[in-house]
Amino acid sequence: MPASDLSSRTALVTGATSGIGFETARQLAERGATVLVHGRTAEEAQAATDKLIAAAGIDGAQLCGFSADFTHLEEVEAMARRVITEHPRLDVLVNNAATAAPERHTVTADGNEIAFQVNFLAHYLLTCLLEPALTTDPGGRVVNVSSSLHRTASIQWSDPQRARRYSRLAAYAQSQLALTVFAADPRVTAVSVHPGICDTGLMPLYANSGESAAEGAAHVVRLCDPATEIVNGAYYDRDQRVEPAPAATEERTVKRLNKLADQLVGHSV
C-alpha cells in the first residue's frame, strides 16, 4: 500500500532532535506534513530543522522549531501556549521525548523524579493544554512512544517520586507505564506504541544492539496516519496491536493517575 499523503496534517513531535523523534519528524515531513520540531533548547530545535532541510531535502516551510526543557514544567506551558497561538488546529501529537533515569535519584526543580516528569508528567501537561487544538477537527490523535518495559512496572502510588526506594530501571519503567495508562484517557484519542529496541540513547536500558531509529520511527508514523484506524487506548508492539499490561486499561487506574498527575503538574483539568 503506498504511503498516504499527509500534506494537510500538522504534527508536533517531542524530542525530535535525535533518535526516533528525529526520524519520525523526517518521515512525516517527507510525506508532506507540517512538523513542529521540539527540542530541549531553541538551538537544538533549530539544528534539527537545519539538518532536516540539508540532509533530507525537506522544504523549510514545512518545519517549525519549538523548545521546552521538560525538567521545567513552566517551559512546557509556555510552549503549549505558543503552539495553540500559531497552530490552533493540530492533527497529531507524538509524545516521544524521553530520558533514561539516572543512576542516582534525581529531582527536578518542580519536585518530581526526573524520569517521571520528563517521560510522563510533561507529556501529560502538554497533552491537556493542547487538547483544544487536537479536538478542533475530528481525527486529531496522540501517539505516545512507550516501551515494552511498562510490563515490568508498577506505579508507586504512595511514593511516585521513588524517594524511599530508587532503582533506575524501575523509575524508567514506571514512567513508561504511566504514559501507556494515559493513552486510555478518554479526553483525546490516543494510542501507545513500543517501537522496538532501537539504536538510540535509551538502548543501554534494553540490550547491546537494536534496529535503526528509522525502523522504529516507521511504526510511530504509521499510527499518525489517518488511514490507520485506531482504537482509543490501544497499545501496539511495533506494528501489531497487543494487550498492554492489565493496569493500563483499568478505568480506576486511569482516573487515579489523572488525579495524581493533576496534583503534580499543578493543573486542574
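Here, the structure is the one placed above.
## Observations concerning the side chain of Thr10
Here is step 1 of the chain: You can see Thr10 is positioned in strand β1 (residues 10–13).
Here is step 2 of the chain: Under the relative-accessibility criterion, Thr10 is labelled buried at 11%.
Here is step 3 of the chain: Apart from the residues lying within four places of it in its own chain, the contact partners of Thr10 are Thr34, Leu36, His87, Arg89, Leu90, Asp91 and Val92.

## Things to note about empty space enclosed by the protein
Sizing a probe to match a water molecule and rolling it over the atoms shows the empty space that remains.
Here is step 1 of the chain: For the structure shown, the criterion picks out one cavity of 30 Å³ or more.
Here is step 2 of the chain: Of the voids in this model, the largest cavity is the one considered here, and its volume is about 80 Å³.
Here is step 3 of the chain: Forming the boundary of the largest cavity are Thr127, Cys128, Glu131, Val142, Phe182, Asp185, Arg187, Val188 and Ala190.
Here is step 4 of the chain: When grouped by side-chain class, the residues that make up the lining of the largest cavity number five nonpolar, one polar and three charged.

## Notes on the nonpolar core
A general tendency of soluble globular proteins is for nonpolar side chains to be buried together.
Here is step 1 of the chain: In this structure, Leu12, Phe70, Phe120, Leu126 and Leu130 are the most contacted members of the largest nonpolar core, which totals 45 residues.
Here is step 2 of the chain: Among the secondary structure elements, those contributing two or more residues to this core are α3 (73–86), α4 (114–134), α5 (168–182) and α7 (251–265).
Here is step 3 of the chain: Considering each element in turn, this core owes the most residues, 13 residues, to α4.
Here is step 4 of the chain: In this view, Leu126 contacts Leu12, Thr14, Phe70, Val76, Met79, Ala80, Leu93 and Asn95; residues no more than four positions away in its chain are not counted.
Here is step 5 of the chain: Among the nonpolar cores identified, the runner-up in size contains 31 residues, and Val37, Ile58, Leu223 and Ile230 belong to it.

## Some points on the environment of Phe182
Here is step 1 of the chain: Structurally, the position occupied by Phe182 is in helix α5.
Here is step 2 of the chain: According to the relative accessible area criterion, Phe182 is buried, its value standing at 6%.
Here is step 3 of the chain: Linking Phe182 and Gly21, residues 161 residues apart in sequence, is a C-alpha distance of 20 Å.
Here is step 4 of the chain: With near-sequence residues (within four places) excluded, Phe182 lies in contact with Phe120, His123, Tyr124, Thr127, Asn144, Arg187, Leu257 and Asn258.

Reading the values: the criteria
Residues numbered from 1 in each chain as written. Predicted model: local features only at pLDDT ≥ 70, side-chain atom pairs only at ≥ 80, totals over all residues. Heavy atoms only, no water. Helix = DSSP H or I, 4+ residues; strand = E, 2+ residues; numbered from the N terminus. Buried < 20%, exposed > 50% of the residue type's maximum accessible area, 1.4 Å probe, protein only. Contact = heavy atoms within 4.5 Å. 1 Å grid on protein atoms, 1.4 Å probe; cavity = no way out; pocket = protein on both sides within 12 Å on 5 of 7 lines; lining within 4 Å. Points joined across faces, edges and corners; volume = space filled by probe spheres on them. Nonpolar A, V, L, I, M, F, W, Y, C, P; charged D, E, K, R; others polar. Core = buried A, V, L, I, M, F, W, Y, C linked by side-chain atoms within 4.5 Å.

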